[in-house]
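# Descriptive structure summary
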Amino acid sequence: MHNPTLSLILTALLSLSATAAPTTTAVTNSNPNLPTRSQPAPRTTHTVVAGRGGLKFEPDNIVAEVGSVIEFHFLPANHSVVESSFSNPCQPKDRTSFFSGFFPVPAGSGKQSDEVFQVEVRDSRPIWFYCAQNNGNHCQKGMTGVVNQNFDNQEFSLRRHREIAAGVTEPSGVQRYVQGGWRIPNPNPQSGV
Ligand SMILES: [Cu+2]
């Protein structure tokens, strides 16, 4: 039954498949231009509402992991959020501090602002923030908050920060531009005041 021709063909086929398979696998695994079906990793979003229950942020003391998002919603009448520092409340921390701009919403409209402002938590250091509305001295009256306060050192507490803010006599500062975050459509502007 020995057939030299068939044997040759079989040998050729075997060697072909033996060399072809690994080559294909290697190309598949190393091709950086392949389309992907993977989704972005889910992010935790912490919602903060400006103006709920008076001149305050609710909540005002947030614990958020690095990579999560703080999403500010704005109730009437005209609030904002600016990044500050612990020891110098009601002023931007520096030129890079985030600033949402203002969000005028008619009182009694039963609506939130049409847009929200998102900022990303980029590291584990405390992020201090305030509302820069000077009509009514929102910051000086306590409209401040913090992300990732250092709870081990009460010298740097939100309560102490507010005490310093209460003594600020100059108007609150703003940035020249909306910056440091994303001002995007409110996913649920009818969610009430
Ligand atoms: Cu305000």
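The following refers to the structure shown. The structure presented is a predicted model; accordingly, all values stated were derived computationally and were not measured.

Turning next to the overall build of the chain. Broken down by element type, the chain carries two helices and 11 strands. The order of helices and strands in the chain, counted from the N terminus, is α-β-β-β-β-β-β-β-β-β-β-α-β. Split into buried and exposed, the 193 residues of the chain put 37% on the buried side. Put simply, 72% of the contacts in the chain that link residues at least 6 apart link residues at least 24 apart. Summed over its atoms, the accessible surface of the chain is roughly 11500 Å², and 56% of this surface lies on carbon and sulfur atoms.

Another point: the sheet that holds strand β4 (residues 69-74). Within a sheet, each strand pairs with its neighbour through backbone hydrogen bonds, oriented either parallel or antiparallel. Across the sheet, five strands lie side by side as β2-β1-β4-β8-β11; this open sheet has mixed pairing. Each of the sheet's edge strands pairs with one partner strand only, and the pair in question is β2 (57-58) and β11 (182-185). Judged from the four bridges that link them, strand β8 (residues 115-120) and β11 form a sheet pairing that is antiparallel. When the bridges of β11 are listed, E115 appears paired with P185.

A few words on the coordination of the copper ion. Every protein donor of the copper ion is accounted for by H79 (ND1), C131 (SG), H138 (ND1) and M143 (SD), and the metal-donor separations fall at 2.0 to 2.7 Å. Viewed at the metal, the four donor atoms of the copper ion are separated by angles of 92 to 127 degrees, and the geometry they form is tetrahedral. Within one chain, the residues donating to the copper ion are spaced in sequence as H-x51-C-x6-H-x4-M. Linking H79 in strand β5 (residues 78-79) with C131 in the loop between β9 (127-130) and β10 (144-147), this pair joins segments that are 52 residues apart in sequence.

The next thing to look at is the nonpolar core. Core analysis: the largest hydrophobic core is formed by 19 residues, its most contacted members being F57, I70, F72, V81, F117, F129 and V147. If you list the elements that add at least two residues to this core, you get β1 (45-50), β4, β8 and β9. Not counting chain neighbours up to four residues away, the residues in contact with V81 comprise F57, F72, F74, F98, F99, S100, G101, F117, F129 and Y130. Ranked by size, the runner-up nonpolar core spans eight residues in total, among them C90, F99, Y130 and A165.

Most of β4 sits inside the fold, with six of its six residues counted as buried. Burial along β4 is two-sided: V69, E71 and H73 and I70, F72 and F74, pointing in opposite directions, are all buried. Sheet topology note: the β1/β4 ladder contains six bridges and is parallel. Looking across to β4, one finds that H46 is bridged to I70.

An order of β3-β10-β9-β6 is seen for the four strands of this open sheet, with the pairing classed as mixed. Whereas interior strands pair on both sides, the edge strands pair on one side only; in this sheet they are β3 (61-62) and β6 (82-84). Two elements, β3 and β10, share two bridges in a ladder whose sense is parallel. Following the sheet pairing, N61 is matched in β10 by V146. Contacting β3, β6, β9 and β10, helix α2 (residues 158-166) runs over the sheet at an angle of about 145 degrees to β10.

Calculation rules
- Residues numbered from 1 in each chain as written.
- Predicted model: local features only at pLDDT ≥ 70, side-chain atom pairs only at ≥ 80, totals over all residues.
- Heavy atoms only, no water.
- Helix = DSSP H or I, 4+ residues; strand = E, 2+ residues; numbered from the N terminus.
- Buried < 20%, exposed > 50% of the residue type's maximum accessible area, 1.4 Å probe, protein only.
- Contact = heavy atoms within 4.5 Å.
- Areas by Shrake-Rupley, 256 points an atom, 1.4 Å probe, with all protein chains shown as cover.
- Pairing = 2+ DSSP bridges.
- Donors = N, O, S within 2.8 Å, 3.2 Å for Na, K, Ca; no water.
- Tetrahedral: all angles 85-135°; square planar, octahedral: opposite > 155°, others 65-115°.
- Core = buried A, V, L, I, M, F, W, Y, C linked by side-chain atoms within 4.5 Å.
- Axes fitted to C-alpha atoms, helices over the stretch in contact; angles between N-to-C directions.

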